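# Structure at a glance
Chain by chain, the residues run as shown.
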Amino acid sequence: MALILIVEDEHDMAALIKRQVEGEGHTALVANDGLAALMLAAQARPDLVILDWMLPGLDGLSVCRKLRERSAVPILMLTARAEETDRVLGLEIGADDYLTKPFSLREFMARVRAILRRVELMRHAEQASEGPVRLPRLTIDPLDRRVEVDGSQVDLTVKEYELLLILARHPGRSFSRAYLLDKVWSDDSEGGDLSVDTHIVRLRRKLGEVGGQIATVWRVGYRFES
Ligand code: CA
């Protein structure tokens, strides 16, 4: 399940794409112009951006460049003219893939799946590392489940610890409540979106100032700010 940002000013097109990706179990956010796209991308940190070239105001190319300045999020560009695609994929713009309009939904979903598969493979490789987490003020040693803030040990419950480990192992990445629920409460029937929120509140309190780095991501869930 991925978080996908759709940037398209044509409402019918945006709705169509949204339905497609949601039909495969992903979560979709829609931005109707470039500025809204940059704001949503910064806030929600999507796993994939589907970006139309033709946008009012800030066009897709400028949005793509600005996204690239800040992150390595995969970008699937929707273009109107095939002859410009060399620029789109080149270093100049830096999109990961493109589709020329009009395209079939089948082709579209094949591209989306291919990009998400690459992302998933990279994540598995990252998550395979089970070593300690060392951030400027926070260290977590999974061997003895020891958490230290500024060198002092903090006592956490098992659920609080597991939530923190997921978030802090991937600073800057947004995790949905559903994902956290699934990972942390998988073997336990008492879970619920509310219990994620309740545990985050307690976790923030126990971590003091460092707890402030656990940011709420609007409409999504939580993220550990680096
Ligand atoms: Ca458009």
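Residues numbered from 1 in each chain as written. Predicted model: local features only at pLDDT ≥ 70, side-chain atom pairs only at ≥ 80, totals over all residues. Heavy atoms only, no water.

### Some points on the coordination of the calcium ion
Octahedral metals with six donors have ideal donor angles of 90 or 180 degrees. Tetrahedral metals with four donors have an ideal donor angle of 109.5 degrees. Quick reminder of the rule: Only N, O and S atoms count as donors, using a 2.8 Å cut-off from the metal and 3.2 Å for Na, K and Ca, and because water is excluded some sites may appear unfinished. The helix and strand labels rest on DSSP assignments: H or I over at least four residues marks a helix, E over at least two residues marks a strand, and numbering proceeds from the N terminus. Each residue's exposure class comes from its accessible area (1.4 Å probe, protein chains only) as a fraction of the maximum for that residue type: buried when under 20%, exposed when over 50%, partly exposed otherwise.
The protein atoms donating to the calcium ion are Glu8 (OE), Asp9 (OD), Glu10 (OE), Asp52 (OD) and Met54 (O), with metal-donor distances spanning 2.1 to 2.8 Å. Here the donor residues for the calcium ion map to a single chain with the spacing E-D-E-x41-D-x1-M. Taken as a pair, Glu10 in the loop between strand E1 (3-7) and helix H1 (11-23) and Asp52 in strand E3 (residues 48-52) lie far apart in primary sequence, 42 residues in all. Its relative accessible area of 39% is what places Glu10 among the partly exposed residues. On the basis of relative accessibility, which here comes to 1%, the residue Asp52 falls in the buried class.

### Some words on the sheet that holds strand E11 (residues 214-217)
Defined as follows: What makes two strands pair is DSSP finding at least two bridges between them. Only the stretch in contact is used when fitting a helix axis, every axis being a line fitted to C-alpha atoms; angles between N-to-C directions are given from 0 to 180 degrees. Contact criterion: two residues are considered in contact whenever any of their non-hydrogen atoms come within 4.5 Å of each other.
Taken in spatial order, the three strands make up an open sheet running E10-E12-E11, and their pairing is antiparallel. The sheet terminates laterally at strand E10 (174-176) and E11, the two strands that pair on one side only. With direction set aside, neighbouring strand axes in the sheet form an average angle of 30°. Where E11 meets strand E12 (residues 221-224), four bridges bridge the pair, whose relative direction is antiparallel. Paired with Ala215 across the bridge in E12 is Arg223. Its contacts with the sheet put helix H2 (residues 34-44) on E10, E11 and E12, and the angle it makes with E12 is roughly 75°.

### Quick word on H2
Among the residues of H2, those classed as buried are Gly34, Ala37, Leu38, Leu40, Ala41 and Ala44. The elements touched by buried residues of H2 are E1, strand E2 (27-31), helix H3 (60-70), E10, E11 and E12. Of the residues one or two after H2, Arg45 is the one with positive phi, at around 45°.

### Focus on the pattern of salt bridges
What counts here: Salt bridges, as used here, are contacts in which a Lys or Arg side-chain nitrogen is within 4 Å of a carboxyl oxygen on Asp or Glu.
Tallying each qualifying case throughout the model produces 17 salt bridges. The salt bridge partner of Glu22 is Lys18, with a shortest N-O separation of 2.9 Å. Note that Glu22 and Lys18 are positioned in helix H1 at a spacing of four residues, about one turn of the helix. Where Glu160 meets Arg202, a salt bridge forms, and the shortest distance between an N and an O atom there is 3.9 Å. With Glu160 in helix H6 (residues 158-169) and Arg202 in helix H8 (residues 193-207), this residue pair connects regions lying 42 residues apart in the sequence. The class for Glu160 is buried, based on a relative accessible area of 0%. Within this structure, Glu8, Glu10, Asp52 and Lys101 form a network of salt bridges that share partners.

### Examining the pairing of E1
Heads up, the condition is: Seen with its strands pointing away from the viewer, a crossover is right-handed if its path from the first strand over the helix to the second goes clockwise.
Counting buried positions over the five residues of E1 gives five, a clear majority of the element. Across the two faces of E1 the burial is the same, with Leu3, Leu5 and Val7 and Ile4 and Ile6 all buried. Where E1 lies against E2, five bridges are found, and the strand directions are parallel. Each bridged residue has a counterpart across the sheet, and for Ile6 the counterpart in E2 is Val30. This β-α-β element, E1 to H1 to E2, shows right-handed connectivity.

### Focus: the layout of surface pockets
Our working definition: The way it works is a 1 Å grid over only the protein atoms, where trapped points that fit a 1.4 Å probe form a cavity and open points with protein on both sides within 12 Å along at least five of seven lines form a pocket, and then any residue with an atom within 4 Å of a point lines it. Grid points are joined across faces, edges and corners, and a volume is the space filled by probe spheres set on the points. Here the nonpolar group is Ala, Val, Leu, Ile, Met, Phe, Trp, Tyr, Cys and Pro; Asp, Glu, Lys and Arg are the charged ones; every other residue, Gly included, is treated as polar. What fixes the domain bounds is an automatic or database domain assignment.
Of the pockets and cavities examined, the largest pocket occupies roughly 660 Å³. Along the wall of the largest pocket there are 23 residues; nearest its centre are Pro46, Ser71, Ala72, Val73 and Pro74. If you list the elements that add at least two residues to the lining of the largest pocket, you get H2, H3 and helix H5 (105-127). The element contributing the most residues to the lining of the largest pocket is H5, with six residues. Across the lining of the largest pocket, the residue classes break down as twelve nonpolar, three polar and eight charged. Both of domain 1 (3-122) and domain 2 (129-224) provide at least three residues apiece to the lining of the largest pocket.

### Section: the side chain of Ser176
On the secondary structure map, Ser176 appears in strand E10. Overall, Ser176 belongs to the buried group, its relative accessible area being 19%. Setting aside residues no more than four positions away along its own chain, Ser176 makes contact with Met1, Val220 and Gly221.

### Considering the sheet that holds strand E5 (residues 97-100)
The five strands lie next to each other as E2-E1-E3-E4-E5, forming an open sheet whose pairing is parallel. The sheet terminates laterally at E2 and E5, the two strands that pair on one side only. Averaged over all pairs of adjacent strands, the angle between their axes in this sheet comes to 20°, without regard to strand direction.

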